[in-house]
Amino acid sequence: MRRSSRSVCVNLAEAYRKRKYSNHFVSKLSDSDTENGETQTWLEFALACNYISNEEFNKLNNQTEEVARLLVYMMNNPEKFLIKNAT
């Protein structure tokens with residue numbers, strides 16, 4: 001869970017640095033979203049194995065859902081985040 005949750009941030013940082021190229025930007029955002037999904041799966045395992053409480057699961061899962069919403073928004077609207085060429 002630590003690896004995948006940190007990878008969300010790392011891939012987002014890589015996407016930010018690729019803002020000049022829409023396809024690369026969206027690809028790295030997609031990688032970030034995939035890692036976020038993995039984190040959600042690990043949370044479900046942690047709950048099922050009683051490693052975390054329902055309260056802790058709900059708190060963390062809500063946060064991963066918010067991250068997912070933001071990433072999907074960015075992937076659907078890359079032009080709002082891309083570096084504009086100076087003309």
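The rules behind each value
- In this numbering scheme, every chain counts its residues from 1 along its sequence in written order.
- Local features in this predicted model are restricted to residues whose pLDDT is 70 or higher, and side-chain atom pairs enter the listing and the counts only when it is 80 or higher, whereas totals over whole chains, interfaces and linings include all residues.
- The basis for every side-chain value is the complete set of heavy atoms in the structure, and neither hydrogens nor water enter the calculation.
- Each helix is a run of H or I in the DSSP string that is no shorter than four residues. Each strand is a run of E no shorter than two, and both are numbered from the N terminus.
- Burial classes: relative accessible area under 20% of the type maximum marks a residue as buried, over 50% as exposed, and values in between as partly exposed (1.4 Å probe, protein chains only).
- Every residue pair with non-hydrogen atoms within 4.5 Å of one another is taken to be in contact.
- In this description, accessible areas are obtained by the Shrake-Rupley approach with a 1.4 Å probe, and a residue is regarded as covered only by the protein chains that are shown.
- The convention is simple: Lys and Arg are positive, Asp and Glu are negative, and His and the chain ends are not counted.
- Here the site of a charge means atom NZ of a Lys, CZ of an Arg, CG of an Asp or CD of a Glu.
- For Phe, Tyr and Trp, where Trp contributes only its six-membered ring, two rings pair if their centres lie within 6.5 Å, and the inter-plane angle classes them as stacked under 30 degrees, edge-to-face over 60, or tilted in between.
- Think of a nonpolar core as a cluster: buried Ala, Val, Leu, Ile, Met, Phe, Trp, Tyr and Cys residues, connected wherever their side-chain atoms sit within 4.5 Å.
- The salt bridge criterion pairs a side-chain nitrogen of Lys or Arg with a carboxyl oxygen of Asp or Glu, the two atoms within 4 Å.

Chemist: When you look at the overall build of the chain in this model, what are you seeing that I'm missing?
Modeler: When you go through the chain residue by residue, the secondary structure sums to three helices and zero strands. Projecting the C-alpha coordinates of the chain onto the three principal axes gives extents of approximately 55 × 20 × 15 Å. A buried classification covers 30% of the 87 residues belonging to the chain. Restricting to contacts in the chain with at least 6 residues of sequence separation, those with at least 24 account for 63%. As presented, the chain carries roughly 6,200 Å² of accessible surface, and 53% of it is formed by carbon and sulfur atoms. Side chains of the chain give 12 positive and 11 negative charges; the mean places of these two sets differ by 10 Å.

Chemist: Got a minute to help me understand the packing of aromatic side chains in this structure?
Modeler: Any aromatic ring pair is given by two values, namely how distant the centres are and how the planes are angled relative to each other. This structure, assessed with the given rule, holds three aromatic pairs. Seen in terms of ring centroids, Tyr 73 and Phe 81 are 6.4 Å apart; in terms of plane orientation they differ by 90°. Their pairing is edge-to-face. Classification of Tyr 73 by relative accessible area gives partly exposed; the value is 37%.

Chemist: Please explain the nonpolar core as it appears in this structure.
Modeler: Among soluble globular proteins, nonpolar side chains are generally buried collectively. Core analysis: the biggest nonpolar cluster contains seven residues, these being Ala 15, Phe 25, Leu 29, Leu 71, Met 74, Met 75 and Leu 82. Residue assignment for this core shows that the elements contributing at least two residues are α2 (22-48) and α3 (54-76). Here this core takes three residues from α3, the largest share from any one element. Ignoring anything within four residues of it in the chain, the contact list for Leu 82 reads Arg 19, Tyr 21, Ser 22 and Phe 25.

Chemist: Looking at this structure, I do not really get unusual backbone geometry. What am I missing?
Modeler: Trans is the common state for peptide bonds, and a negative phi is the common state for residues other than glycine. For Asn 50, which is not glycine, the phi dihedral falls at a positive 60°. Here Asn 50 is to be found in the loop between α2 and α3. Assessed through its relative accessible area of 66%, Asn 50 is described here as exposed.

Chemist: Explain the environment of Glu 14 here, please?
Modeler: Its location among the elements puts Glu 14 in helix α1 (residues 2-17). Glu 14 sits 17 residues away from Asp 31 along the chain, and the two C-alpha atoms are 10.0 Å apart.

Chemist: I'm lost on the pattern of salt bridges in this one. Help?
Modeler: Between side chains of opposite charge, pairing is possible as soon as their charged atoms come close. Across all of its chains, the model carries five salt bridges by this definition. Two residues, Arg 3 and Glu 38, come together in a salt bridge whose shortest N-O distance is 2.7 Å. In this pair, Arg 3 is assigned in helix α1 and Glu 38 in helix α2, connecting sequence segments 35 residues apart. A salt bridge links Asp 31 to Lys 28, with the nearest nitrogen and oxygen atoms 3.3 Å apart. Of this pair, Asp 31 and Lys 28 both sit in helix α2, three residues apart, roughly one helical turn. For Lys 28, a relative accessible area of 16% gives the class buried. The network of salt bridges with shared partners includes Arg 3, Glu 35 and Glu 38.

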